[in-house]
Amino acid sequence: MKLATYNLRLQNIEKRTRQFMLGAIGVMLLVLAMIASRQDYFHRSTSIYFFTPNAQGLSKGMAVKFIGFKVGSVQDVSMQPNATVQVKVSLDNEYVHLIGQDAKARLIKEALVGESVVEIIPGSQQVKQVSQNSVLAFERGQDASTVVETLAAQLQPILSDVHQITSSINNPNGDVQQTLKNLNQASGSFRETVNQFTQLGASSNRKLDGAYGKIDKALDSVNLSLATLDKAIPRLVDKADTTFENVQSATADIRKVTNESAAEIPALVRNTNSLVQDGQETLGGVKKSWLFNGMFPKPEEQMLPVDGYVAPRQP
Amino acid sequence: MGFRSHVAILCSLVLLSACSHIEETRSARQERATEFNQRAQRAFLRGEYQSAADLYGNALQLDVAIENVNGIATNMLNLARVYQVLGKPALAERYLDSLLEDKALHYAPAQLAAAAVQKSLLRLQENDVAGATAWVEKSAGYCGPDCTLAGVIDNVRAGIALCANDADRALQWSEHAASENKGSSQLEYANSLRLTASARLMKHEYDAALHLSEEALAIDKTQGLPEKIRQDLLLSAEAHDKLGHAEQAAQFRDRAARIAATALK
């Protein structure tokens with residue numbers, strides 16, 4: 001009797017253990033299925049490749065976007081025997097028909113400060129669509145620091161030209177300063193001569209002749225100075241022209257960069273704003289917590305001190 | 001009692017103190033009003049009076065909207081003060097009147113005393129001795145035993161006496177005010193010294209007047225108040241003039257004129 005009961009209990013335990021094991025295996029399978037689904041194992045995809053001289057900024061799992069939508073991800077980044085980097089991209093089959101063989105892959109940042117993604121730049125519609133193991137051309141988008149470096153490099157010669165022109169004008173031995181000095185001297189002697197002429201009047205022909213001689217000399221000197229200035233000015237104008245050309249090209253670049261980042265800047269400002277707001281809220285929360293609230297005096301509306309001074313009335 | 005018991009008691013006390021603490025709740029609007037007020041205070045100290053007036057205006061609007069009586073009084077008094085400095089006494093007086101004649105809201109006596117004494121100063125500026133006297137006495141009536149405006153009120157009384165050419169009374173009030181203000185407010189102490197100097201000049205005590213105006217000048221320079229520095233220099237010039245130091249008097253007037261040329265108050 002006792003043995004029968006024992007066997008029954010044993011069978012019962014065995015049955016429960018089996019049920020538990022089956023349940024555990026079921027849960028494990030479910031988890032595996034979820035992981036597989038997450039890893040896109042059930043997704044039909046097409047693998048394509050691109051090659052780059054270095055792997056900087058590229059990583060496995062990175063999003064691949066096409067006109068702003070996620071269409072795949074980077075599956076693998078590996079070094080080739082010829083020291084180039086092969087990047088394997090898995091594209092969702094749903095979107096493959098939109099991407100031509102002449103499309104390009106470009107590494108960009110989603111915002112000035114943000115995640116890097118691989119953007120597929122569409123090719124022409126007429127070209128055949130990409131297929132399994134197609135190879136796309138690759139290029140790197142400019143990030144904020146590169147843009148700033150480029151602009152700085154372009155502005156440097158402009159500043160140096162401006163500096164050179166200013167120095168040339170300020171140089172006491174330079175053409176411009178010398179010409180101005182000569183002009184000054186010439187106008188001084190001219191004034192002196194006119195004074196002499198006024199004082200003497202027409203009474204002395206001899207002296208008048210001398211005065212005319214001096215006027216002639218002064219005018220010659222003025223002519224000479226103007227000739228020097230004539231020579232100096234075209235050189236300066238040429239230099240200024242070059243500088244203005246440089247300025248124009250730099251301005252065009254700045255405009256281009258501004259246009260390109262126009263969409264990103266508001267997002268950046270919004271993000272920064274929310275970051276600051278979060279910081280303020282956190283600080284506010286800390287200030288209000290009972291442990292710290294004694295350390296931060298609560299600001300109150302303040303009254304200006306009453307000033308018993310009466311300004312005397314103006315007469 | 002072991003170490004653990006001590007720690008347990010300490011922790012319990014800390015927790016109890018946390019429970020006993022009642023956090024004062026303030027609305028976001030009230031905090032915004034406080035922020036405007038503080039920005040206005042800083043603008044006033046920098047001498048940016050118009051921007052201070054705008055900011056006090058914003059704070060007042062918020063305080064009226066949430067009926068923060070203390071804030072309403074504070075900002076109305078501040079606006080009156082700013083407009084007085086900006087040379088708009090009529091506007092300043094309007095703010096003071098709306099505070100002093102308000103029947104719906106009840107303000108603290110100290111705030112009413114401040115409003116009344118400011119009103120008295122404005123009346124005095126208009127040479128209305130009777131009006132100034134009435135308002136300064138009202139202010140003294142609002143001013144309780146712990147009122148901090150006693151020194152200001154005595155200075156205004158001295159100013160009224162000077163305006164009425166009563167040198168003895170002016171000297172009496174200004175010296176009284178000086179003793180009250182000496183330890184509490186440098187700003188008011190310098191005012192008292194200037195008033196005493198004027199009273200001494202009126203009494204032909206030129207050396208004493210010169211000494212007082214120089215002391216006031218040193219304080220006003222530390223406070224960075226151009227209008228008052230100019231006034232001190234003019235007082236010194238007048239004293240030098242009366243003492244027969246024409247050259248020194250001219251120098252002081254020249255210094256005063258240079259300050260006036262900056263048009264800073």
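Our subject is the structure listed above.
Residues numbered from 1 in each chain as written. Chains lettered and ligands numbered in written order. Predicted model: local features only at pLDDT ≥ 70, side-chain atom pairs only at ≥ 80, totals over all residues. Heavy atoms only, no water.

Peer 1: Just to check I follow, could you spell out the overall build of chain B for this structure?
Peer 2: Helix and strand counts for chain B come out as 13 helices and 0 strands. In sequence order, chain B lays out its α and β elements as α-α-α-α-α-α-α-α-α-α-α-α-α. Looking at chain B as a whole, 46% of its 265 residues qualify as buried. For chain B, the exposed area adds up to about 13500 Å²; of that, 55% sits on carbon and sulfur atoms. (Helix = DSSP H or I, 4+ residues; strand = E, 2+ residues; numbered from the N terminus. Buried < 20%, exposed > 50% of the residue type's maximum accessible area, 1.4 Å probe, protein only. Areas by Shrake-Rupley, 256 points an atom, 1.4 Å probe, with all protein chains shown as cover.)

Peer 1: Looking at this structure, how should I read the overall build of chain A?
Peer 2: Looking only at helices and strands, chain A features 6 helices and 7 strands. Element order for chain A, N to C, with α for helix and β for strand: α-β-β-β-β-α-β-β-β-α-α-α-α. Carbon and sulfur atoms make up 58% of the accessible area of chain A, which amounts to about 22500 Å² in all.

Peer 1: What is the right way to read the nonpolar core from this model?
Peer 2: Nonpolar side chains tend toward joint burial in soluble globular proteins. Tyr107 and Leu149 of chain B are the most contacted members of the largest nonpolar core, which totals 49 residues. Broken down by secondary-structure element, the contributors of at least two residues to this core are helix 2 (28–45), helix 3 (49–65), helix 4 (69–85), helix 5 (89–100), helix 6 (109–125), helix 7 (129–142) and helix 8 (150–163) of chain B. With residues up to four places along the chain from it excluded, the contact list for tyrosine 107 of chain B reads Val69, Ile72, Ala73, Met76, Leu99, Asp102 and Leu112 of chain B. Within the second largest apolar cluster, 22 residues are counted, among which are Phe50, Val71, Val89 and Ile120 of chain A. (Core = buried A, V, L, I, M, F, W, Y, C linked by side-chain atoms within 4.5 Å. Contact = heavy atoms within 4.5 Å.)

Peer 1: What is the right way to read the sheet that holds strand 5 (residues 104–109) of chain A from this model?
Peer 2: The strands making up a sheet associate through backbone hydrogen bonding, with each pair oriented either parallel or antiparallel. All names here are of chain A. What the 7 strands build is a closed barrel, ordered 1-4-3-2-6-5-7; its pairing is mixed. The average undirected angle you get between the axes of adjacent strands in this sheet is 35 degrees. Here strand 3 (residues 69–79) runs beside strand 4 (residues 85–92); their pairing, made up of 7 bridges, is antiparallel. Across the sheet, residue valine 74 finds its bridge partner in strand 4, namely valine 89. (Pairing = 2+ DSSP bridges. Axes fitted to C-alpha atoms, helices over the stretch in contact; angles between N-to-C directions.)

Peer 1: Got a minute to help me understand the pattern of salt bridges in this structure?
Peer 2: If the charged atoms of two oppositely charged side chains come close together, the side chains can form a pair. Residues and elements named next belong to chain B. Enumeration over the complete set of coordinates arrives at 21 salt bridges over all chains. Of the charged contacts in the structure, one is a salt bridge between arginine 46 and glutamate 48, with a shortest N-O distance of 3.1 Å. Note on glutamate 48: relative accessible area 36%, which makes it partly exposed. Between aspartate 254 and arginine 258 there is a salt bridge; the shortest N-O distance is 2.9 Å. With aspartate 254 and arginine 258 both in helix 13 (residues 246–262), this residue pair falls 4 residues apart, about one helical turn. For aspartate 254, a relative accessible area of 35% corresponds to the partly exposed category. Owing to a relative accessible area of 58%, arginine 258 belongs among the exposed residues under this scheme. (Salt bridge = Lys/Arg side-chain N within 4 Å of Asp/Glu carboxyl O.)

Peer 1: Help me out: how do you make sense of the state of the cysteines in this one?
Peer 2: All names here are of chain B. On inspection of all chains with the given rule, the structure shows 1 disulfide over all chains. Here cysteine 143 engages in a disulfide with cysteine 147; their sulfurs sit 1.7 Å apart. Taking the sign of the S-S torsion, about -85 degrees here, the bridge from cysteine 143 to cysteine 147 comes out left-handed. The exposure classification of cysteine 143 matches that of cysteine 147, with both residues buried. (Disulfide = S-S within 2.5 Å.)

Peer 1: Looking at this structure, how should I read the interface of chain B and chain A?
Peer 2: When the parts come together, some accessible area is lost, and that loss is often what is quoted as the size of the interface. In this complex, chain B contributes 44 residues to the contact, which on the side of chain A involves 20 residues. The interface formed by chain B and chain A contains 2 salt bridges. Where chain B packs against chain A, one counts 10 residue pairs in polar contact (both at pLDDT 80 or more). Broken down by secondary-structure element, the contributors of at least two residues to the side of chain B that touches chain A are helix 1 (3–20), helix 2, helix 3, helix 4, helix 6, helix 8, helix 10 (186–202) and helix 12 (226–242) of chain B. The leading source of residues in the side of chain B that touches chain A is helix 4 of chain B, at 7 residues. Residue classes in the side of chain B that touches chain A are distributed as 16 nonpolar, 17 polar and 11 charged. (Polar contact = N/O pair within 3.5 Å; in protein donor to acceptor, adjacent residues only side chain to side chain. Nonpolar A, V, L, I, M, F, W, Y, C, P; charged D, E, K, R; others polar.)

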